[in-house]
Amino acid sequence: MPDDSPSTFNPFASAEITPPVSSHWAAKRELAQALRELSNTLVTSAPSEELLKQASATISELNKALANSPRYYGSQEFANTQEHGSRGELNYELNAIGGLSNPLSPGLNMWLEGKLAFGKVKCGYAYEGPPGFVHGGYVAAILDQFLGMAQIAGGQSGMTGTLHVRYLRPTPLNTDLDLRGSVDRVDGRKTVVTAELLANGEVTARSEGLFIRPSNTLKEMFEKD
Ligand SMILES: CCCCCCCCCC(=O)SCCNC(=O)CCNC(=O)[C@H](O)C(C)(C)COP(=O)(O)OP(=O)(O)OC[C@H]1O[C@@H](n2cnc3c(N)ncnc32)[C@H](O)[C@@H]1OP(=O)(O)O
């Protein structure tokens, strides 16, 4: 049963990475990191076909062993168990862009300092779009997630209604990227947030997001029939 009650869990209070809520999630973070390294190796190496096939078979076996455990499809199903953490804690582990236990996530770290939002992220070769640079879709996704966190400084939380990104220059791979943002205005259920993505001190993309606090409850929005 989804729970709309506010959680005290706040991983955005400082730049420190919030520790996992259990040894289970600590182990998952480790596996997610190993899988990120595997992705990076896969897209940056040219092994023999024999080694590639051997790796596929080994990984398929591992996948079968993992799949043979209790399964929860999506963060809501995990939360429903009431054994794997609150919805906020699960989002911190599983989110597509910031989730530390999600190998597809580049591990966006973000936090608030007063009314200002800050973030850090680094994208390896698996995120390449133009040669040597981050794919624009990932740039937009990182900004969307970051703006979505920054809206909290405006006092409410909503879904992205619109996202505008201006790509000023290519965003380099394998580079510590900084984000900074702030709430521009709050108008009823709408919050407008702006943010910049920077590499080596230069702004590579500017963005503005309109976030709308939904008219229906989270329970209505996310609970499956
Ligand atoms: C809730 C916590 C979640 C926190 C996550 C944040 C980080 C994640 C960021 C994301 O990626 S979210 C995923 C991408 N976004 C979506 O999938 C949103 C899909 N759209 C919806 O679910 C609904 O359309 C939405 C919740 C955005 C609005 O539905 P409502 O039924 O609450 O809006 P309503 O129709 O009552 O309209 C309210 C106002 O917003 C305006 N509006 C609604 N949708 C809009 C839109 N998409 N763009 C611009 N304006 C929009 C609408 O015109 C109206 O303006 P006025 O008050 O001035 O008349």
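Here, every reference points to the structure presented above.
In this text the structure is predicted, and so the values were computed from the model without any measurement.

Conventions adopted
One numbering rule holds for all chains: residues counted from 1, following each sequence as written. Owing to the predicted nature of the model, reporting of local features is limited to residues with pLDDT of at least 70; listing and counting of side-chain atom pairs is limited to 80 or more, with chain, interface and lining totals taken over all residues. The basis for the side-chain values is all heavy atoms of the structure; hydrogens and waters are excluded. Stacked, tilted and edge-to-face are the three classes applied to pairs of Phe, Tyr and Trp rings, where Trp contributes its six-membered ring and a pair requires centres within 6.5 Å; stacked means planes under 30 degrees apart, edge-to-face means over 60, and tilted covers the rest. Only a single heavy atom is needed: when it lies within 4 Å of a molecule or strand, its residue is near that molecule or strand. Any N or O atom pair separated by 3.5 Å or less is treated as a polar contact, with the protein-specific requirement of one donor-capable and one acceptor-capable atom, and with residues adjacent in sequence counted only for side-chain atom pairs. Here, Shrake-Rupley sampling with a 1.4 Å probe gives the accessible areas, and only protein chains in the shown set may cover a residue. Strands here are runs of E lasting at least two residues and helices are runs of H or I lasting at least four, both read from the DSSP assignment and numbered beginning at the N terminus. Three residue categories are used. Nonpolar comprises Ala, Val, Leu, Ile, Met, Phe, Trp, Tyr, Cys and Pro, charged comprises Asp, Glu, Lys and Arg, and polar comprises the others, including Gly. Between the first and last residue of a helix there are one fewer steps than residues, each counted as 1.5 Å, and that sum is the expected span. Buried, partly exposed and exposed residues are distinguished by accessible area as a fraction of the type maximum, computed with a 1.4 Å probe on protein chains only: under 20%, between the cut-offs, and over 50%, respectively. An arc is given here, and it is the one of the directions from the helix axis to the C-beta atoms. Residues count as neighbours in contact if any of their non-hydrogen atoms are within 4.5 Å of one another.

**Looking at the packing of aromatic side chains**
According to the stated counting rule, one finds five aromatic pairs in the structure shown. Of the aromatic side chains, those joined through ring pairs into one cluster are W25, Y72 and F78.

**Remarks on the site of the ligand**
With respect to spatial proximity, 18 residues lie near the ligand, and among them D144, T160, R189, K190 and S215 are the closest. In this structure, R189 approaches the ligand through a side-chain N or O atom, which is 2.8 Å from an oxygen atom. Backbone polar atom of S215 to an oxygen atom of the ligand: 2.7 Å apart, as the coordinates give it. Considering the ligand on its own, with 1,200 Å² of exposed area, one finds that the protein chains cover 51% of that surface. The leading source of residues in the shell around the ligand is strand β3 (residues 159–167), at four residues. A breakdown of the residues in the shell around the ligand according to their chemical character gives six nonpolar, nine polar and three charged.

**Considerations on helix α1 (residues 23–43)**
The periodicity of an α-helix, 3.6 residues per turn, causes residues three or four positions apart to be oriented the same way. Taking 1.5 Å of rise per residue, 21 residues should cover 30 Å, and α1 covers 31 Å from first to last C-alpha, within 8% of that figure. Every buried residue of α1 is accounted for by W25, R29, A32 and R36. Relative to the axis of α1, the buried residues are bounded by an arc of 65 degrees and lie together on one face. Across α1 from its buried face, at more than 90 degrees, point the exposed residues S23, E30 and L42. Contacts made by the buried residues of α1 are with α3 (75–80) and α4 (87–94).

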